[in-house]
Amino acid sequence: MTKSQPEYDVVIVGSGAAGGMSAYALSCAGVSVLMLEAGRDYDPVTETPMFEMPEDAPLRASSTPDKPFGYFDATVDGGWQVPGEPYSSADDTDFLWWRSRMLGGRTNHWGRISLRMGEYDFKPYSRDGLGADWPMTYADMAPYYDKTEALIGVYGSNEGLENTPNSSPGVLLNPPAPRADELLTEKYCRDLGIPVVPCHLAILSEKQNHRRWPRELHPNNALGQRVTRDIMRARAACFFATPCGRGCSIGANFQSPTVLLPPALATGNLTIRTDAMVFEVSSNAKGQANGVSFIDRITGKQHHVRARVVILAASACESARIMLNSKSNAHPNGIGNASGLVGKYIMDTVGADLLGQFPIMENMPPHNADGASAMHMYMPWWLYQEQAKGQLDFARGYHIEFGGGRRMPQGGHFSSVEAMNGGNYGQQLKEDCRRYYGSFIGFSGRGEMIPNEDCYCTIDGEQKDKWGIPTLKFHWRWSDHELNQARHMHATFRTIIESMGGRVMGEVATDGARAIKKPGEIIHEVGGARMGDNPATSVLNQFCQSWQVPNLFVTDGAGFVSNADKNPTLSIMANAWRSADYLVQEMRARNL
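Scope of this entry: the structure provided in the associated data block. The shown structure was predicted, so the numbers you read here are calculated from the model rather than taken from an experiment. Numbers given for residues are sequential positions, taken from 1 along each chain in its written order. Whole-chain, interface and lining totals are the exception, using all residues; otherwise, since this is a predicted model, local features are given only for residues with pLDDT of at least 70 and side-chain atom pairs are given and counted only at 80 or more. Where side-chain values are given, they derive from all heavy atoms of the structure, hydrogens and water being excluded.

With that settled, consider the overall build of the protein. Along the protein, the regular secondary structure elements total 16 helices and 18 strands. Both definitions apply: the radius of gyration is a C-alpha atom measure, and the globule rule equals 2.2 Å times residues to the power 0.38. Its C-alpha atoms give the protein a radius of gyration of 24 Å, within 12% of the compact-globule value 25 Å for 592 residues. Each residue is assigned to one of three classes by its accessible area relative to the maximum for its type, calculated with a 1.4 Å probe on protein chains only: buried under 20%, partly exposed between the two thresholds, exposed over 50%. Looking at the protein as a whole, 61% of its 592 residues are labelled buried. Throughout, a residue-residue contact means that at least one pair of heavy atoms, one from each residue, lies within 4.5 Å. If you take every contact in the protein between residues at least 6 apart in sequence, the share linking residues at least 24 apart comes to 73%. Entry remark: accessible area of the protein is about 22,700 Å², with carbon and sulfur atoms responsible for 48%. Positive charge is attributed to Lys and Arg, negative charge to Asp and Glu, and no charge count is given to His or to the chain ends. Lysine's charge is taken at NZ, arginine's at CZ, aspartate's at CG and glutamate's at CD. Once the 56 positive and 64 negative side-chain charges of the protein are each reduced to a mean point, those two points are 5 Å apart. Secondary structure elements are taken from DSSP: a helix is a run of H or I of four residues or more, a strand is a run of E of two residues or more, and numbering for both begins at the N terminus. Reported accessibility uses the Shrake-Rupley method at a 1.4 Å probe radius. Residues are deemed covered only where the shown protein chains occlude them.

Time to look at the pairing of strand 15 (residues 456-464). In this description, strands pair whenever DSSP reports at least two bridges between them. One ladder, built from 5 bridges, connects strand 15 with strand 16 (residues 470-475); its direction is antiparallel. In the sheet register, Tyr 456 faces strand 16, and the bridge partner there is His 475. Where strand 15 hands over to strand 16, the hairpin turn is made up of 5 residues, of which Gly 468 adopts a positive phi near 85 degrees.

Okay, the sheet that holds strand 16 next. Pairing within the open sheet is mixed, and its 3 strands lie in the order 4-16-15. Looking along the sheet, the strands with just one partner apiece sit at the ends: strand 4 (88-89) and strand 15.

So, about the pattern of salt bridges. Close approach of charged atoms allows side chains with opposite charge to pair. Basic side-chain nitrogens of Lys or Arg form a salt bridge, by our definition, when they fall within 4 Å of a carboxyl oxygen of Asp or Glu. In total, this model carries 29 salt bridges according to the counting rule given. The residue Arg 514 makes a salt bridge to Glu 507 at a minimum N-O spacing of 2.9 Å. Since its relative accessible area comes to 58%, Arg 514 is described here as exposed. You can call Glu 507 partly exposed: its relative accessible area is 43%. Here Asp 565 ties to Lys 566 by a salt bridge, and the two come within 3.6 Å at their closest N and O atoms. Its relative accessible area of 5% is what places Asp 565 among the buried residues.

We place a 1 Å grid over just the protein atoms. Points where a 1.4 Å probe fits but has no way out form a cavity, open points with protein on both sides within 12 Å along at least 5 of 7 lines form a pocket, and any residue with an atom within 4 Å of a point lines it. Grid points are joined across faces, edges and corners, and a volume is the space filled by probe spheres set on the points. Per the counting criterion, the structure on display carries 6 cavities of 30 Å³ or more. Here the largest cavity defines a volume of roughly 180 Å³. Around the largest cavity, the lining comprises 21 residues; the ones closest to its centre are Leu 115, Thr 164, Pro 165, His 200 and Tyr 378. Amino acid classes used here: Ala, Val, Leu, Ile, Met, Phe, Trp, Tyr, Cys and Pro are nonpolar; Asp, Glu, Lys and Arg are charged; the rest, including Gly, are polar. Tallied by class, the residues present in the lining of the largest cavity amount to 8 nonpolar, 8 polar and 5 charged. Roughly 120 Å³ of internal volume is contained in the second largest cavity. When residues of the lining of the second largest cavity are traced back to their parent elements, those giving at least two are helix 3 (119-122), helix 4 (124-128) and helix 11 (384-388). When residues of the lining of the second largest cavity are assigned to their parent elements, the largest contribution, 3 residues, is made by helix 4.

Sheet strands pair by backbone hydrogen bonding; their relative direction is either parallel or antiparallel. Reading across the sheet, the 6 strands line up as 6-12-13-14-11-17 and stay open at both edges, with antiparallel pairing between neighbours. On the outer flanks of this sheet lie strand 6 (197-198) and strand 17 (503-505), each paired with one strand and no other. Only the stretch in contact is used when fitting a helix axis, every axis being a line fitted to C-alpha atoms; angles between N-to-C directions are given from 0 to 180 degrees. Strands in contact with helix 14 (residues 480-499) are strand 11 (350-357), strand 12 (377-379), strand 13 (398-404), strand 14 (440-447) and strand 17; relative to strand 11, the strand with the most contacts, it is inclined by about 20 degrees.

Moving on, we come to the nonpolar core. Here, nonpolar core means buried Ala, Val, Leu, Ile, Met, Phe, Trp, Tyr and Cys residues that are tied together by side-chain atoms lying within 4.5 Å of each other. Core analysis: the largest hydrophobic core is formed by 151 residues, its most contacted members being Val 10, Leu 26 and Phe 443. Discounting residues that sit within four places of it in the chain, Leu 26 has contacts with Val 10, Ile 12, Val 31, Val 33, Ile 311, Ala 580, Leu 583 and Val 584. Counting residues in hydrophobic clusters, the runner-up holds 17 residues, among them Ile 113, Val 197, Ile 203 and Cys 238.

So, on to unusual backbone geometry. The residue Ser 315 is not glycine, and still its phi comes out positive at about 100 degrees. Along the polypeptide, Ser 315 turns up in the loop between strand 10 (302-312) and helix 10 (316-325).

Looking now at a positive patch on the surface. Like charges are joined within 9 Å and nonpolar side chains (Val, Leu, Ile, Met, Phe, Trp, Tyr) within 5 Å, but only among residues with over 30% relative accessible area and no salt bridge; these make up the patches. On the surface, Lys 207, Arg 211, Arg 226, Arg 229 and Arg 233 cluster together into a positively charged patch. Relative to the helices and strands, Arg 211 resides in the loop between strand 6 and helix 7 (213-217).

We now examine the packing of aromatic side chains. The aromatic pairing rule takes the rings of Phe, Tyr and Trp, using the six-membered ring of Trp, and pairs them if the centres are within 6.5 Å, calling planes under 30 degrees apart stacked, those over 60 edge-to-face and the rest tilted. One pass over the full model with this rule turns up 24 aromatic pairs. When the centroid spacing of 5.8 Å and the interplanar angle of 90 degrees are considered together, the rings of Tyr 87 and Phe 474 count as edge-to-face. With Tyr 87 in the loop between strand 3 (78-79) and strand 4 and Phe 474 in strand 16, the pair connects residues that are 387 residues apart, well separated along the chain. The same class applies to Tyr 87 and to Phe 474, which are both buried. Centroid distance Phe 95 to Trp 476: 5.5 Å. Interplanar angle 45 degrees. Geometry classified as tilted. One end of the pair, Phe 95, is in the loop between strand 4 and strand 5 (99-100); the other, Trp 476, is in the loop between strand 16 and helix 14, with 381 residues separating them in the sequence. Here Phe 95 matches Trp 476 in class, with each residue buried. By definition here, charges over rings are those cases where NZ of Lys or CZ of Arg is within 6 Å of the ring centre and within 35 degrees of the ring normal. Above the face of the Tyr 120 ring, Arg 127 is positioned so that its terminal group lies 3.9 Å from the ring centre.

In this section: the side chain of Asp 275. Note on placement: Asp 275 falls in the loop between strand 7 (270-273) and strand 8 (276-283). What Asp 275 contacts, discounting residues up to four positions off in sequence, is Glu 37, Ala 38, Gly 39, Arg 40, Ile 295, Asp 296, Arg 297 and Ile 298.

Take it as geometry only, folks, not as evidence of what the structure does.
Take a look at the structure:
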């Protein structure tokens, strides 16, 4: 094992939403940072296939086992299965674990949906007696939501809806105009009492205000202002050319490698090392973290780096794996695991989908359906009061993502035509494709899961990866709350589709187990090192700091106490920034 010098103030494991934000905030504050990324280097500016058409790719860019989200998906190294990096599931569990082995991690692939958690979401136990409360409140997080939205660029609107917080004035960018299918859906949902409002996405619908925000994000910090101003000036507004999942060479969507890492590097305070597979946090005789050990994926050699503070931001389950594998005399059950809760209470988003076909949209004349690759509108949860009164058989809500219309056809785009015509050939097939093209809308529910003791990951005592690192084994059980919620999603989708005069394509499940997606499939897994206000019942405090090892922080989704229906990435970044500010304060006070 070799020693790498010099010693850094902070070593960060991971380069995605949490790692990127931690590096940005700390570097701007003058902290010396080393970032270790398990995957390869990746540059969206040069590697994004911005203008390639489906016809330019094998199988018209459709899904394959190696590229589940299509040929052009930005995940260049990773997926449900990573060669040489297995994981396992217990009996009656089929957990899917998505990993992105590349600089920027999942921020290169994600859907850019950026929804704030609300007041109810931070105190769910106080509201319904289930799960646990977060150790902080929405009021504590609101300033960091503002800062994060302003930095990364989020479009949307303030609607003042229940548990759907507004951003401060001027923070959000203007949302793009709704498309025809979105306007049609909004018209019919209005009569159903279901709100359809502009969604919040981390995509630049217009240029950022590079004069205002650097000063407000970094008051009295010339370095932070300079590097932030430069990256805001460099990014271009979206011109609706490329699906965000491919990456973005003009920086219009949010990716850590184009938005967070360039300004952090420009401070001169960040060093990045890729292909560095971290396998343990090392500790001294007193049990304090003193660095990390990793394997160079190219050479296979082991290395160790020293730092005053260690931040794990490798994604929720990967960070839990590193903690569980970091055993010593001081930490026989893994570092920071005095409570025995590392790996426990993992969660994923509840998901269910249904497709509708609408005669009213058949034979539409060609029209401009341009826009961001994701949705312009969505449906936030609208039945909070009904739940509070006990009128539903599940305790937490969901939002609805939807989209369709005349967008760029992909591989398999016309597969639903056969369900409509029973199968045709020649001229009739061509006419049917023209008739039905653009007449489909898909609906996807994304709901909150309540943490339970049967959902956790452990070290698999019988399996190691190709570097000899012990792997994870997953255990899972949906509760009736999640199953009933998924069933309710399907019933709601049917109501919407039929109210629009449409036809449901597929089964409307009356059993939630038939509707719900597999655990991990939504790629929103969080938990495994949850925060709390009691060291006996949590792993971290409200600033993502280990109770047991004060110079160990875990800033990714592992610290999540609950998993609201709001997609977690925005909250991960806001939480990481808040944690970084606390860390800087503690370092300056010489407490770390």
